[in-house]
Amino acid sequence: MILIGMLDSPYVRRVAISMKVLGLEHEHRPLSVFSDFDQVQAINPAVKVPTLVTGGGQVLMDSTLILAYLEELAAHAPRIRPEPGPARLRALCQTSYALAACDKAVQIVYERRLRPQEKQHQPWLDRVQLQLHGTWRQLEASLREEAPDCLSIAGITIAVAWSFAQQMVPDVMAASDYPAVAALTALAERQPVFLATPMAG
Ligand SMILES: N[C@@H](CCC(=O)N[C@@H](CS)C(=O)NCC(=O)O)C(=O)O
């Protein structure tokens, strides 16, 4: 199996870390959807990462769909989500908010980096920032009730989303506003699988 995409993408990083937790051997090709556009396009015409090339050569994208497939492959490996029931639903809700936080932070990065300064639209940026803060507030409240294992899908996704936000839009997100999120992330980032899968890797 081949995982395509750079680890500065929170979606790629959540898959890469989960694959290590699940013990799934794979090759990682850290191609950029921007500077390696043609190479990614040759593998996946949608030019989206993460892209997984399966052992049989099929091309699968979207981190959530990739993880659903990988969890089936690794049926006997450590489980990275709770058993069906209330705990699983909580994990799904937390994961959905963490993914929304990734989407909103990525939108800010794209607006700032890909549009010329004079074409940036402040009302759009204001809206996205409002959504981003609402998302993190919801997650902070949820973690104060019950924080997930930092090596579960919910824990991995929250931690990569928060590290991404801290690195890419630090002016928008203050760690002191979201202490439970920051604490879970600090714990996660100390784990060997996180250390072996750095954003800059
Ligand atoms: N929902 C997707 C989002 C993936 C995504 O948007 N990846 C970005 C990189 S961070 C990408 O492929 N950007 C290129 C583009 O959208 O053109 C997932 O969970 O994998």
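This text gives an overview of the structure that appears in the document. Note that this is a predicted model, so its numbers are computed, not measured.

This part covers the nonpolar core. The biggest cluster of nonpolar side chains holds 61 residues, and the ones touching the most others in it are Leu-70, Trp-136, Ile-158, Val-169, Met-173, Val-181 and Phe-194. If you tally residues by element for this core, the top one is helix H6 (residues 153–168), at 10 residues. Other than its neighbours up to four places away in sequence, Phe-194 contacts Arg-13, Ile-17, Cys-150, Leu-151, Ile-156, Ala-159, Val-160, Ala-188 and Glu-189.

This part takes up helix H3 (residues 63–73). Every α-helical turn comprises 3.6 residues, leaving residues that sit three or four positions apart pointing alike. Within H3 the residues assigned to the buried category are Ser-63, Ile-66, Leu-67, Leu-70 and Glu-71. Looking straight down H3, one finds that the buried residues subtend no more than 135 degrees of arc, so they occupy a single side. Buried residues along H3 sit in contact with helix H1 (10–21), strand E3 (51–53), strand E4 (59–61), helix H4 (86–114) and H6.

Right, let's get into the packing of H1 against H4. One way to put it is that H1 packs onto H4 with a least axis distance of 10 Å and a crossing angle of 140 degrees. With respect to H4, the element H1 is oriented oblique. Facing Pro-10, Tyr-11 and Arg-14 of H1, the residues of H4 in contact are Thr-95, Leu-99, Cys-102, Asp-103 and Val-106. Looking at side-chain class alone, the contact of H1 with H4 contains 5 nonpolar, 1 polar and 2 charged residues.

So, on to the site of the ligand. Surveying the vicinity of the ligand reveals the residues Ser-9, Tyr-11, Val-33, Val-47, Lys-48, Val-49, Pro-50, Asp-62, Ser-63 and Tyr-110. A distance of 2.8 Å is found between a nitrogen atom of the ligand and a backbone nitrogen or oxygen belonging to Val-49. Ser-63 places a polar side-chain atom, nitrogen or oxygen, 2.6 Å from an oxygen atom of the ligand.

What follows deals with the pattern of salt bridges. Taken as a whole and judged by the stated rule, the model has 8 salt bridges. Between Arg-81 and Glu-71 there is a salt bridge, and its shortest N-O distance comes to 2.5 Å. Here Arg-81 is found in the loop between H3 and H4, whereas its partner Glu-71 is found in helix H3, with 10 residues between them in sequence. Look at Arg-81 and you get partly exposed, because its relative accessible area is 23%. On the basis of relative accessibility, which here comes to 19%, the residue Glu-71 falls in the buried class. Put simply, Glu-83 and Arg-79 hold a salt bridge, and the shortest N to O gap is 3.5 Å. Each member of the pair, Glu-83 together with Arg-79, is exposed.

Calculation notes
- Residues numbered from 1 in each chain as written.
- Predicted model: local features only at pLDDT ≥ 70, side-chain atom pairs only at ≥ 80, totals over all residues.
- Heavy atoms only, no water.
- Core = buried A, V, L, I, M, F, W, Y, C linked by side-chain atoms within 4.5 Å.
- Buried < 20%, exposed > 50% of the residue type's maximum accessible area, 1.4 Å probe, protein only.
- Helix = DSSP H or I, 4+ residues; strand = E, 2+ residues; numbered from the N terminus.
- Contact = heavy atoms within 4.5 Å.
- Arc of directions from axis to C-beta.
- Axes fitted to C-alpha atoms, helices over the stretch in contact; angles between N-to-C directions.
- Parallel < 35°, antiparallel > 145°, perpendicular 65-115°, else oblique.
- Nonpolar A, V, L, I, M, F, W, Y, C, P; charged D, E, K, R; others polar.
- Near = heavy atom within 4 Å.
- Polar contact = N/O pair within 3.5 Å; in protein donor to acceptor, adjacent residues only side chain to side chain.
- Salt bridge = Lys/Arg side-chain N within 4 Å of Asp/Glu carboxyl O.

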